[in-house]
Amino acid sequence: AIGIARANDTIILRPGIYKEGNIVLTKSVSIIGQGNSILDGENKYELLTVSGKNIVIKNIQFRNAGYSALNDFASIKIIDATNVVIEGNTILNSYFAIHVSNSVSFTIRNNKITGIPRSEQLTGNGIHLWKCAHALIENNHVQGHRDGIYFEFVTESVIQNNLSENNIRYGLHFMFSHSDHYIGNTFRANGAGVAVMFSKKVRMENNHFEENWGPSSYGILLKEITDGYICNNTFLKNTVGIYMEGSSRMEVQKNSFQDNGWAIKVQASCDDNSFHNNNFHGNSF
């Protein structure tokens, strides 16, 4: 079907189980599942590799993508792409679920992603972005991966209304990514909470950081962050609500800290931060 499709065509994937190995899509088409449309990787293959522009992947179940120590196999891999929409899919038992690199202006929305957690080395990330811009990640449910959502070198993008829970390491892992905004997400019961590192001008609003417990676990870890904004978030039952190291010019206001071990821990490497109008209730420290 992809072979005979022309630009702007729509491919309807009828219900059934398809074992096609690795499918490569470089045309500007939409692939839309009808009900129980399943692509099965038989634990050997990357399922769908996408490159190009104006592509939609919707309402398909992806399962049993392969594992490779050399290649980051994914259920959906997007490379060098523009204006791609990944929406309403179910992804089960993947190494990486959705892996995006060197792409701009794309949307990942309303997907349900469930991994089988193994060790950190044998489990990839749920939604993984590298060297991207103008991305919208919204209304996804991610669990059972290494990091639920991973950003590295990602700019001017939005993460909103996602639920990331029960991941091995971080619910959200964020590195070298500037001028991003995440709002209205819930990060719950992840191995090490959330980490935001080596970034500037990040806005964090109306998120819930809940039940991230353990000796190396935080609601949110801020390392080498500058000019950030943390407002109207809830930190509930974490070992440490906010841990700050090497972070400057942060605005921390109108947050709720409840039933944490430490509400906030600020290291001596931090300066010029502003804390005001926050509520503290029932924290040990």
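Relevant structure appears above.
Residues numbered from 1 in each chain as written. Predicted model: local features only at pLDDT ≥ 70, side-chain atom pairs only at ≥ 80, totals over all residues. Heavy atoms only, no water.

Asks: When you look at unusual backbone geometry in this model, what are you seeing that I'm missing?
Replies: What you tend to see is this: most non-glycine residues have negative phi, and most peptide bonds are trans. Positive phi is not limited to glycine here, since asparagine 110 has a value of about 60 degrees. Assignment of secondary structure puts asparagine 110 in the loop between strand 11 (104–109) and strand 12 (112–114). Judged by its relative accessible area of 37%, asparagine 110 is partly exposed. One non-glycine residue with positive phi stands out, namely arginine 249, at about 55 degrees. (Helix = DSSP H or I, 4+ residues; strand = E, 2+ residues; numbered from the N terminus. Buried < 20%, exposed > 50% of the residue type's maximum accessible area, 1.4 Å probe, protein only.)

Asks: Can you help me understand the pairing of strand 24 (residues 218–226) in this one?
Replies: Both faces of the sheet carry side chains from a regular strand, because those side chains alternate between them. The pairing of strand 21 (residues 193–200) with strand 24 spans six bridges and is parallel. Note that in strand 24 the partner of lysine 200 across the bridge is threonine 226. Bridge count for strand 24 against strand 27 (residues 240–245) is four bridges, and the pairing is parallel. Bridge pairing in strand 27 links lysine 223 to glutamate 245. (Pairing = 2+ DSSP bridges.)

Asks: Honestly, the packing of aromatic side chains in this entry has me stumped. Any pointers?
Replies: By convention here, two paired aromatic rings are described through the distance between centres and the angle between planes. Counted according to the given criterion, the structure contains 13 aromatic pairs. For the ring pair tyrosine 67 and tyrosine 95, a centre distance of 4.8 Å and an interplane angle of 80 degrees mean the geometry is edge-to-face. In this pair, tyrosine 67 sits in the loop between strand 7 (61–63) and strand 8 (74–87) while tyrosine 95 sits in the loop between strand 9 (90–92) and strand 10 (96–101), placing the two residues 28 residues apart along the sequence. Relative accessible area serves as the criterion here: at 8%, tyrosine 95 is assigned to the buried category. Note on phenylalanine 153 and phenylalanine 176: the rings are 5.3 Å apart at their centroids and 15 degrees apart in plane angle, and the pair reads as stacked. Residue phenylalanine 153 is located in strand 15 (residues 149–155), and its partner phenylalanine 176 is located in the loop between strand 18 (170–175) and strand 19 (181–183); the two are separated by 23 residues in the primary sequence. Overall, the relative accessible area of 39% leaves phenylalanine 153 in the partly exposed class. Chaining the aromatic ring pairs together yields one cluster made of Phe151, Phe174, Tyr182, Phe187, Phe209, Phe235, Phe257 and Phe280. In this structure, lysine 265 is placed above the aromatic ring of tryptophan 262, and the distance from its NZ or CZ to the ring centre is 4.1 Å. (Phe/Tyr/Trp six-rings, centres within 6.5 Å; stacked < 30°, edge-to-face > 60°. Lys NZ or Arg CZ within 6 Å of the ring centre and 35° of its normal.)

Asks: Just to check I follow, could you spell out a nonpolar patch on the surface for this structure?
Replies: Together, Trp130, Phe153 and Phe176 make up an exposed nonpolar region whose accessible area comes to about 270 Å². By the secondary structure assignment, tryptophan 130 is in strand 13 (residues 127–138). Owing to a relative accessible area of 35%, tryptophan 130 belongs among the partly exposed residues under this scheme. (Patch = residues over 30% accessible without salt bridge, like charges linked within 9 Å, V, L, I, M, F, W, Y side chains within 5 Å. Areas by Shrake-Rupley, 256 points an atom, 1.4 Å probe, with all protein chains shown as cover. Salt bridge = Lys/Arg side-chain N within 4 Å of Asp/Glu carboxyl O.)

Asks: Which parts of the structure should I look at to understand the side chain of asparagine 283?
Replies: The topology assignment puts asparagine 283 in the segment after strand 32 (279–281). According to the relative accessible area criterion, asparagine 283 is buried, its value standing at 17%. Separated by 3.0 Å, the side chain of asparagine 283 and the backbone oxygen of phenylalanine 257 make a polar contact. Of note is the side chain of asparagine 283, whose polar atom sits 2.9 Å from the backbone nitrogen of asparagine 260. Other than its neighbours up to four places away in sequence, asparagine 283 contacts Phe257, Gln258, Asp259, Asn260, Gly261 and Ala263. (Polar contact = N/O pair within 3.5 Å; in protein donor to acceptor, adjacent residues only side chain to side chain. Contact = heavy atoms within 4.5 Å.)

By themselves these figures say nothing about function.
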